[in-house]
Amino acid sequence: MSTSTDNESEGKQQSCEERNISKSRFVSLIRQCSLELSHTMRGFKLKDRCKTTQVHAYNPSETSTSNPFPIAATSKLHYPTINSILAESPDSVSLSTAESFLPYGLPRTDFFEPPVELCLKSVDFVESLAELYRKVQMTQDFNKYLVHLEQYALLYSLGDPKLLRRCLRSARQHAVDVHSKVVLSAWLRFERREDELVGSSALDCIGRVLECPKAALIHGYDPNSVFDHCECHGAANEISDFGTSDGNNFLSSEKGGIVYFCVGNEEVNCIRGKIAALSGPLKSMLYGDFIESDKERIDFTHIGISVDGMRAVDFFSRTRRLGSYPPHILLELLSFANRFCCEEMKSASDCYLASLVSDIDEALVLIDYALEERAHLLVASCLQLMLRELPGYLYNPKVLNTFCSSEARERLATVGQASFLLYYFLSQVAIEDNMMSKVTVMLLERLKDCASERWQKALASHQLGCVLLERKDYKEAQHSFEMAIEAGHVYSVVGVARTKFKQGQRFLAFELINGIISEYTPTGWMYQERSLYSLGKQKILDVNDATRLDPTLSFPYKYRAIVMVEESKIEAAIVEINRIVGFKVSSDCLELRAWCFIALEDYQSAIRDIQALLTLEPNYMMFCGKMRADHLVELLSLHVQPWSPADCWMQLYNRWSSVDDIGSLAVIHQMLINDPGRSILRFRQSLLLLRLNCQKAAMRSLRLARNHSTSTYERLVYEGWILYDTGHREEALAKAEESISLQRSFEAFFLKAYALADTTLDSESSTYVIQLLEEALKCPSDGLRKGQALNNLGSIYVDCNKLDLAADCYVSALEIKHTRAHQGLARVYHLKNDRKSAYEEMTNLIDKAQNKASAYEKRSEYCDRDMANSDLGMATALDPLRTYPYRYRAAVLMDDQRETEAVEELTRAISFKPDLQMLNLRAAFHESMTDFSRALQDSEAALCLDPNHKDTLDLYSRTRIQALKNT
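What you see is a predicted model, and the numbers here were worked out from it, not measured in a lab.

Draft legend 1. Looking closely at the overall build of the protein chain. Summing up its helical and strand segments, the protein chain has 48 helices and five strands in all. Here the protein chain holds 967 residues, and 55% of them are scored as buried. Across the protein chain, every contact between residues at least 6 apart in sequence was considered, and the portion connecting residues at least 24 apart equals 62%. In the structure as shown, the protein chain presents an accessible area of about 41900 Å², 49% of it carried by carbon and sulfur atoms.

Listed below in structure tokens is the structure:
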């Protein structure tokens, strides 16, 4: 046995040595290439971030594609290709050159800085939330949509898509005019990126008034109806309301009342009184002092209407309805109505034409006619098509001409279609698509033109400053930031400091930020910014203070890691980056860690991180934007053992079972390279991304899963998940039921059970969910998904107090490596009063899982106070975004009558994680301390995050009464 093992070891060692030679050759070539690059850079000013669509996306944790690790670079930079590496002779590699390259090949602290955030950022976020809640309460209903838009702008810094979607839905709920409804409905659609769904139409409707494109064209305020089902499917018959009839029925026998309108060589006989009744000018012409009043035949050849158009005028004058005319006749009616002030006919023509606009091509043609004739509803209808096709048509010349220039905005304003709301939406689309484009600048300038309230001016000026800063237009950027400061946005001082620093005024930049720290309660971003302008030991002190005050900021971790790299402490740098990647995954952190692994010649780990990075951003560019990340994977893959499809599945099972979400993402990415059309893999990808809180990337994977689905029943399931994840639970259930009617499948039953369980279940509902999960388990699927179903089934059994059945489910899940089932089994033991076994189950989960924070948190429930504090301390260290540990420690301090310390524990966490439950708890603490004004402020801030939270509403009512008594 030992001989066999020794032989095996020798074989592995030999294989390992061969791979190391290959690795050494590869890394030496890369280093040699980069060394040549570094030599050319001495004496040159290093480039800032590359000008690509990657630069500082709006949500850095998910969509930022900027390359924040500048290295020495020239404009004529060439990186090796696979062919060049294979063709290179090993003898040509200089080991001394390779060894000397490392300090140049990795990012350097000298030119490393965080982006200036694009959103509104308050120096006292809780106070701003409370003030906004009061504003919502005091504002009249029909003006509330603008307050909810302000709420959206303020909450954007939290990066919670559900919160933002609720703000937009509330804004749409309270919208009155057609323009606002059109923009907000299009914005909600954009948040789901329905434009990426193959086969979808811009006018597709999910079945609710809230986002219905036809309901958006109806003026009026009815906030209670927006969540009702719309009548889209019956809308095809609405055209008949405009009226159709046989024109021959309207030949009048009133000889004296006939007037003939001549168009060219043809005449159209009309009833004089009916035509006169269309408007005052026509009445004056036909019955007043004009010469036409005495004529039986009037020449209309040169007024711009055809014979058919005049017949349509006659038809309308007799019936007050429109016939089923083609669009060009309706446009003639519209023009005629404008010329002769026929308001009723203009309104009917406008409404009818608006109902006919069905695609973007028609909208692009009709928009100019509509603007020229000032047809408000037709303009809105055309705008709706354009907005619902974003971002695909953003750079269409016609669309740009409609929106971008000052003249275009003024044209839209004449028909009530230019607003801050419109340009806020357009500018956010542009920023996300390409922050540095000229189009983005122009749209932000129009946004600034439309701004009237202080927060609007602050937002528009600040965002314009950020874009100009990235475009290196420092003086103009500084001016914009200063305007934002004048409008009350203190955070824009960061922008001013950054522009001064770029212009060589380091000391002035330092003084600006130092002043902010002195004037306001210090926060993490203040010290982070000051660290850019500090020198020596003060720099690292500021970086550490930034992490102490806000452990969620990624820049300090990356900075410290790069310092370690410069000191040749690569392993320590990886440990530092692991601290942030463990709870906040972002492309730039994964890239930096991949760099470190390449430096250590650990190519397998580097490939893992780059493949996970590519899952977040498929077009990510590395090496300061000079090499596609997928090309680097190809290069690295030459020096690792390739995986067969069977190897990939084995790796996926192992990493999934060890709760290694990043590793699982990398394996799925590799599997998709081999089989890009496999929709179920895209779906698995989305599940992992949701676990990592990368919701935008998760939704993109879901859309790809839907687009690659090979059957209708499968497509319906993915459409259902898209609807469910964007807050449309009933519509998701309908998709699941339709899918089941076509084909019984695991995923359809699972979706239906999951959506139904997302409410408070009574006994009957729980039984039905159990039946659905049992049906799901009868359908074909792999162990990964069946483990999840068994885990969910166990959870329902626990809620029904069927503990033995629950335990069976969890044990079955563990047998197929669903490691998370340890947590459910621990809960069963706890409910059976066996805390020791519960503790041991959670210990098993901690031992197996890569991501352990939640396991430590849960284990704390099954041990004494001291051990619980230890576990919760570990949970906070691993993931400072988890709120339960802060609440537990604060509650313990409160029980010990250490009230001030209890409040401080919550305050520290709220400063970087303004969570509803923490705000509610701190409000309760303040109430118990009879500090009613602060209790009221905290409860108002919490209600701004969730206006329907019952406990907070009760607390708000009590503290409001007490606060009023004390004033």
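Draft legend 2. Seen up close, the packing of helix 5 (residues 144-155) against helix 6 (residues 161-173). Between helix 5 and helix 6, the least distance of the axes is 8 Å, while the angle of their chain directions is 165°. Of the possible angle classes, the one that applies to helix 5 and helix 6 is roughly antiparallel. As helix 5 runs across helix 6, the sense of the crossing is left-handed. In this structure, helix 5 uses Tyr145, His148, Gln151, Tyr152 and Leu155 to contact helix 6, whose residues at the interface are Leu163, Leu164, Cys167, Leu168, Ser170 and Ala171. Within the contact of helix 5 with helix 6, the residues separate by chemical class into eight nonpolar, three polar and no charged.

Draft legend 3. Spotlight on the UniProt feature "repeat: TPR" (unreviewed entry) in the protein chain. Mapped onto this structure's residue numbering, the UniProt feature "repeat: TPR" (unreviewed entry) falls at residues 787-820. Annotated as 76% helix and 0% strand, the span residues 787-820 places its first and last C-alpha atoms 9 Å apart.

Draft legend 4. Expanded view of the sheet that holds strand 1 (residues 258-263). With respect to topology, three strands assemble into an open sheet ordered 2-1-3, the strand pairing being mixed. Whereas interior strands pair on both sides, the edge strands pair on one side only; in this sheet they are strand 2 (266-271) and strand 3 (297-299). Between one strand and the next, the sheet's axes are offset by a mean angle of 30°, whatever the strand orientation. Where strand 1 and strand 3 come together, three bridges link them in parallel fashion. Paired with Tyr260 across the two strands is Arg297, which belongs to strand 3. Contacting strand 1 and strand 2, helix 10 (residues 307-319) crosses the sheet at an angle of about 10° to strand 2.

Draft legend 5. Representation of the pairing of strand 2 in the model. Bridge analysis of strand 1 against strand 2 gives six bridges, and the strand direction is antiparallel. By the bridge assignment for strand 2, Ile258 is matched with Ile271. Counting the residues in the hairpin turn of strand 1 and strand 2 gives two residues, including Gly264, whose phi is positive at 65°.

Draft legend 6. Focus on the pattern of salt bridges. The tally for this structure, following the rule as stated, stands at 59 salt bridges. Among the ionic pairs, Arg189 bridges to Glu194, the shortest N-O distance being 3.0 Å. The exposure class of Arg189 is buried, given its relative accessible area of 3%. Its salt-bridge partner being Glu927, residue Arg958 comes within 2.9 Å of it at the nearest N-O pair. Here Arg958, found in helix 48 (residues 950-965), pairs with Glu927, found in helix 46 (residues 916-928); they are 31 residues apart in sequence, far enough to count as distant. A relative accessible area of 41% places Arg958 in the partly exposed class.

Draft legend 7. Representation of the UniProt feature "coiled-coil region" (unreviewed entry) in the protein chain within the structure. Here the UniProt-annotated "coiled-coil region" (unreviewed entry) positions come out as residues 832-859. Helix makes up 75% of residues 832-859 and strand makes up 0%, while its end C-alpha atoms are separated by 16 Å.

Draft legend 8. Examining the packing of aromatic side chains more closely. Enumeration over the complete set of coordinates arrives at 28 aromatic pairs. For the ring pair Phe261 and Phe300, a centre distance of 4.7 Å and an interplane angle of 45° mean the geometry is tilted. Here the residue Phe261 occupies a position in strand 1, and Phe300 occupies one in the loop between strand 3 and helix 10, the gap between them amounting to 39 residues. On the basis of relative accessibility, which here comes to 0%, the residue Phe261 falls in the buried class. Plain terms: the ring middles of Trp721 and Phe750 are 6.5 Å apart, the flat faces sit at 40° to each other, and that makes the pair tilted. With Trp721 in helix 34 (residues 712-725) and Phe750 in helix 36 (residues 746-756), the pair connects residues that are 29 residues apart, well separated along the chain. On the basis of relative accessibility, which here comes to 6%, the residue Trp721 falls in the buried class. With a relative accessible area of 3%, Phe750 lands in the buried category. One aromatic cluster is present, built from ring pairs that chain together Tyr152, Tyr156, Trp187, Phe190, Phe420, Tyr424, Phe425 and Trp455. Sitting over the face of the ring of Tyr491, Lys121 holds its NZ or CZ atom 5.9 Å from the ring centroid. Taking NZ or CZ as reference, Arg785 lies 4.6 Å from the ring centre of Phe750, over its face.

Draft legend 9. Molecular detail of helix 46. A rise of 1.5 Å per residue sets the reference length of helix 46, with its 13 residues, at 18 Å; its end C-alpha atoms lie 19 Å apart and thus fit the reference within 8%. If you check which residues of helix 46 are buried, you get Leu916, Met918, Leu919, Asn920, Arg922, Ala923, Phe925, His926 and Glu927. In this structure, the buried residues of helix 46 make contact with helix 4 (125-138), helix 44 (884-895), helix 45 (899-910), helix 47 (932-945) and helix 48. The opening residue of helix 46 is Asp915, an N-cap whose side-chain oxygen sits 3.0 Å from the backbone nitrogen of Gln917. Following helix 46 by one or two positions, Thr930 has its phi on the positive side, about 60°.

Draft legend 10. Local environment of the environment of Val379. Among the secondary structure elements, Val379 is positioned in helix 14 (residues 376-388). Along the backbone, Val379 and His179 are 200 residues apart, and their C-alpha atoms lie at a distance of 9.3 Å. Residues contacting Val379, with those up to four places away along its chain left out, are Ile367, Ala370, Leu371, Leu412, Val415 and Gln417.

Draft legend 11. Region of interest: the packing of helix 19 (residues 454-470) against helix 20 (residues 474-486). Running from amino to carboxyl end, helix 19 crosses helix 20 at an angle of 160°, the nearest separation of the two axes being 8 Å. Relative to helix 20, helix 19 is oriented roughly antiparallel. As for how helix 19 packs across helix 20, the hand of that crossing is left-handed. Residues Arg454, Ala458, Ser461, His462, Leu464, Gly465, Cys466, Leu468 and Leu469 of helix 19 touch helix 20, and the partners they reach there are Tyr474, Glu476, Ala477, Ser480, Phe481, Met483, Ala484 and Glu486. A breakdown of the residues in the contact of helix 19 with helix 20 according to their chemical character gives ten nonpolar, four polar and three charged.

Draft legend 12. Geometry of the confidence of the model for the protein chain. Looking at the protein chain, the pLDDT average stands at 87 and 87% of residues meet or exceed 70. The model gives residues 72-104 a pLDDT under 50, and that stretch makes 60 contacts with residues more than four places away or in other chains. Within the model, the stretch residues 243-256 combines pLDDT values under 50 with 20 contacts to residues more than four positions away or in other chains.

Draft legend 13. Layout of the nonpolar core. Core analysis: the biggest nonpolar cluster contains 278 residues, and Phe261, Phe300, Met310, Phe336, Leu378, Leu387 and Phe403 have the highest contact counts within it. Looking at which element gives the most residues to this core, the answer is helix 17 (residues 420-433), with ten residues. Residues contacting Phe300, with those up to four places away along its chain left out, are Phe261, Cys262, Val263, Met285, Ile305, Met310, Phe336 and Phe340. Counting residues in hydrophobic clusters, the runner-up holds eleven residues, among them Ala826, Ala855, Tyr862 and Ala875.

Draft legend 14. How the structure looks around unusual backbone geometry. Each neighbour pair has its own omega, and for Leu390 with Pro391 the value is 5°, a cis peptide bond. Relative to the helices and strands, Pro391 is located in the loop between helix 14 and helix 15 (397-403). Within the chain, Lys472 stands out as a residue other than glycine whose phi angle is a positive 65°. Among the structural elements, Lys472 can be located in the loop between helix 19 and helix 20. A positive phi angle is found at Glu601, which is not glycine, with a value near 60°.

Draft legend 15. Region of interest: the side chain of Lys181. Tracing the backbone through its elements, the reader meets Lys181 in helix 7 (residues 178-192). A polar contact is formed between the side chain of Lys181 and the backbone oxygen of Gly220, at a distance of 2.6 Å. Once you skip the residues sitting within four places of it in the chain, Lys181 turns out to touch Arg172, Ala175, Val176, Ala215, Ala216, Ile218, His219 and Gly220.

Draft legend 16. A look at the environment of Glu940. Looking at the element boundaries, Glu940 is found in helix 47. When its relative accessible area of 4% is taken as the criterion, Glu940 is described as buried. Sequence separation between Glu940 and Glu127 is 813 residues, and the spatial gap between their C-alpha atoms is 8.9 Å. Each residue touching Glu940, except ones within four places of it in the same chain, is listed here: Leu129, Ala130, Tyr133, Arg134 and Tyr956.

Analysis parameters
Residues numbered from 1 in each chain as written. Predicted model: local features only at pLDDT ≥ 70, side-chain atom pairs only at ≥ 80, totals over all residues. Heavy atoms only, no water. Helix = DSSP H or I, 4+ residues; strand = E, 2+ residues; numbered from the N terminus. Buried < 20%, exposed > 50% of the residue type's maximum accessible area, 1.4 Å probe, protein only. Contact = heavy atoms within 4.5 Å. Areas by Shrake-Rupley, 256 points an atom, 1.4 Å probe, with all protein chains shown as cover. Axes fitted to C-alpha atoms, helices over the stretch in contact; angles between N-to-C directions. Parallel < 35°, antiparallel > 145°, perpendicular 65-115°, else oblique. Left-handed = near helix turned anticlockwise from the far one by under 90°. Nonpolar A, V, L, I, M, F, W, Y, C, P; charged D, E, K, R; others polar. UniProt positions renumbered as here; feature names shortened; annotations may be inferred. Pairing = 2+ DSSP bridges. Salt bridge = Lys/Arg side-chain N within 4 Å of Asp/Glu carboxyl O. Phe/Tyr/Trp six-rings, centres within 6.5 Å; stacked < 30°, edge-to-face > 60°. Lys NZ or Arg CZ within 6 Å of the ring centre and 35° of its normal. Expected span 1.5 Å × (residues − 1). Polar contact = N/O pair within 3.5 Å; in protein donor to acceptor, adjacent residues only side chain to side chain. pLDDT = per-residue confidence, 0-100. Core = buried A, V, L, I, M, F, W, Y, C linked by side-chain atoms within 4.5 Å.

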